[in-house]
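Residue strings, one per chain:
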Amino acid sequence: MIRLFVFSFFVFLLSVSNAAGQEFSSYFEDRTLRVDYTFSGDTARQDIYVDELCSMPHWYGKRHRLAEVPLKGNGQIIVRDRESQQVIYRHSFSTLFQEWLATDEAKHTSKSFENVFLVPYPKQPVDITVELYDYHDRINATMKHTVDPNDILIRHIGEENVTPYVTLHPSSPLLQQGGAGGGSPIHIAFVAEGYQGSELQTYLDDCRKAVKALFEHEPFRSLQDRFNIIALLSTSRDSGVSVPREGIWKNTILGSHFDTFYTDRYLTTLHLKRLHDVLAGTPYEHIIILTNTTTYGGGGIYNSYNLASAHGPKYEPVVVHEFGHSFGGLGDEYPYGDNDPMYFSDTEPWEPNLTTQHDFRGKWENLIQEGKVGLVEGGGYLSHGVWRGQEDCRMRTNEFPVFCPVCQQALTRLIKFYTE
């Protein structure tokens, strides 16, 4: 009887996996369509423009729950089969452009920002819609365009001259083959920024420190077999990164710099097309950029990238904190001047670890009922009107050693969404 049960259960898991695979293969090839956009405007008006389409070998994103997103994000890209108009893929994100719209500069100056999104390569023509949401969860910009997969002007990249990389942490073999429920590994790629060729061993050591730090935190420690992690051996002409406030400008592969939005410690790159060119042809989905600098700083943007100062103070907690943003969609839990608010009482944050109590359902009520956390006021850069679950957390201070139960629960849900 036990053997019969085990065999039946295995057949059930295999059938679920095959069903997920059939859903993917009905609409998509095992390739990636990279869509480059320009987002532009100011606080009064925002516009979206198609820049370029690229084809890359293999698809490293989700292969099941294709029309679902685990978090709404500040925007979404929606792929519909052109003939039936059925949604066949959906992906959520945040952008530096949308952060910039909350600054004073955006009130009187128009700017443009590069953005790059990856979707599975369609077998038939599709309609792609991009939506951007404001801080009241309203659509403030949208555009729709058609993609013919046979378009001769779709540029092929990543098929040769691929950036070399080493595997730091392979996922479980079962997950690489499609998992029990059709899930797939979560692919993370480290990218070297501001490291010369002679400094690549230092970079790899920095990568290993980051991986070790990540897997010292729950739920990553318990679920580490679900991650496939590589390190790209990308080199720069100059060593270090740009620090504009000190008049330091470096020639680096991604052109990253501090002082983003005139904030000293905010370290970002605006060159997303360049970033994805470096990554083309490698197994990647989530991106961690390590910068060769001792200056403190970093940044993390949901489903875009995480960038950290590899030799700055508190490097390990910073890179984990920023991964909480870029992978987990977690919000910052600290106040920061109460200026240019991004959260309002009439709108519930999409970030799973913050609430305005406008619509708290589905967040951490269960943990409150279990007596593990509560509602502590302050978060999302505001002293009042936004609540977090616990007094301290990795998303609040570098000194706190773990993610709080609210963040752990949110991260666990996200990891299982992609891998089960």
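All of the points below concern the structure found in this document. Think of each chain on its own: its residues are numbered from 1, step by step along the sequence as written. Only residues with pLDDT of 70 or above have their local features reported here, since the model is predicted, and side-chain atom pairs are shown and tallied only from 80 upward, although totals for entire chains, interfaces and linings are computed over all residues. Hydrogen atoms and water are omitted, and side-chain values are computed over all heavy atoms in the structure.

## Structural notes on the environment of Tyr 203
Quick note on the threshold: Only DSSP runs of H or I covering at least 4 residues are called helices, and only runs of E covering at least 2 are called strands; the numbering of each starts at the N terminus. Throughout this description, buried means an accessible area under 20% of the type-specific maximum (1.4 Å probe, protein chains only), exposed means over 50%, and partly exposed covers the range between. We call two residues contacting when some pair of their heavy atoms lies within 4.5 Å.
Along the chain, Tyr 203 turns up in helix H4 (residues 200-214). The class of Tyr 203 is buried, set by a relative accessible area of 0%. The sequence separation of Tyr 203 and Leu 118 amounts to 85 residues, and the corresponding C-alpha distance is 27 Å. With sequence-adjacent residues up to four places away left out, Tyr 203 is seen in contact with Phe 190, Val 191, Ala 192, Tyr 195, Ala 231, Leu 232, Leu 233 and Leu 290.

## Overview of the pattern of salt bridges
Condition: Only one rule defines a salt bridge in this text: a Lys or Arg side-chain nitrogen within 4 Å of an Asp or Glu carboxyl oxygen.
For the structure on display, the rule yields 25 salt bridges. The partner of Lys 72 in a salt bridge is Asp 137, and the shortest N-O contact between them spans 2.8 Å. Placement of Lys 72 in the loop between strand E2 (46-57) and strand E3 (75-81) and of Asp 137 in the loop between strand E6 (126-133) and strand E7 (139-147) is noted, with a sequence separation of 65 residues between them. Residue classification places Lys 72 among the partly exposed residues on the basis of a relative accessible area of 31%. We classify Asp 137 as partly exposed; its relative accessible area is 39%.

## Observations regarding the side chain of Ser 256
What counts, and what does not: Whenever a nitrogen or oxygen atom comes within 3.5 Å of another N or O atom, the pair is scored as a polar contact, on the condition that within protein one atom can donate a hydrogen and the other can accept it, and that pairs from neighbouring residues in sequence are kept only if both atoms are in side chains.
Mapped onto the elements, Ser 256 comes out in the loop between strand E11 (227-232) and helix H5 (272-279). Ser 256 sits in the buried class, given a relative accessible area of 0%. A polar atom in the side chain of Ser 256 sits 2.7 Å from the side chain of Glu 193. Beyond its immediate sequence surroundings of up to four residues, Ser 256 is in contact with Glu 193, Val 241, Ser 242, Leu 267, Thr 268, Thr 269, Thr 291 and Leu 307.

## Re the packing of aromatic side chains
Basically, it comes down to this: Two rings from Phe, Tyr or Trp (for Trp, the six-membered ring) form a pair when their centres sit within 6.5 Å of each other. Planes less than 30 degrees apart are called stacked, planes more than 60 degrees apart edge-to-face, and all others tilted. By definition here, charges over rings are those cases where NZ of Lys or CZ of Arg is within 6 Å of the ring centre and within 35 degrees of the ring normal.
Evaluation of the coordinates by the stated rule reveals 26 aromatic pairs. Aromatic pair Phe 360 and Trp 364: ring centres 4.9 Å apart, planes at 90 degrees, arrangement edge-to-face. Residue classification places Phe 360 among the buried residues on the basis of a relative accessible area of 16%. When its relative accessible area of 0% is taken as the criterion, Trp 364 is described as buried. Ring pairs connect the aromatic residues Tyr 37, Phe 39, Phe 93, Phe 97, Trp 100, Phe 113 and Phe 117, which therefore count as one cluster. One Lys or Arg, Lys 62, reaches over the ring of Tyr 89 and ends 5.3 Å from the middle of that ring. If you follow Lys 72 out to its NZ or CZ, it ends over the ring of Tyr 133, 4.6 Å from the centre.

## Points about the sheet that holds E2
Working definition: the strands of a sheet are paired by backbone hydrogen bonds and lie parallel or antiparallel to each other. Inclusion rule: In short, DSSP must find at least two bridges between two strands for them to pair. To get an axis, a line is fitted to the C-alpha atoms, and for a helix only the part in contact is used. The angle between two axes follows their N-to-C directions and goes from 0 to 180 degrees.
Within the open sheet, the four strands sit side by side as E5-E1-E2-E8. Their pairing is mixed. Edge positions in the sheet fall to strand E5 (111-122) and strand E8 (155-156), since each has one partner strand and no second. Pairing analysis gives eleven bridges linking strand E1 (residues 28-41) to E2, with the strands arranged antiparallel. Within E2, the residue paired with Asp 36 across the bridge is Glu 52. Most of the contacts of H5 go to E5, to which it runs at about 35 degrees, and overall it touches E1, E2, E5 and E8.

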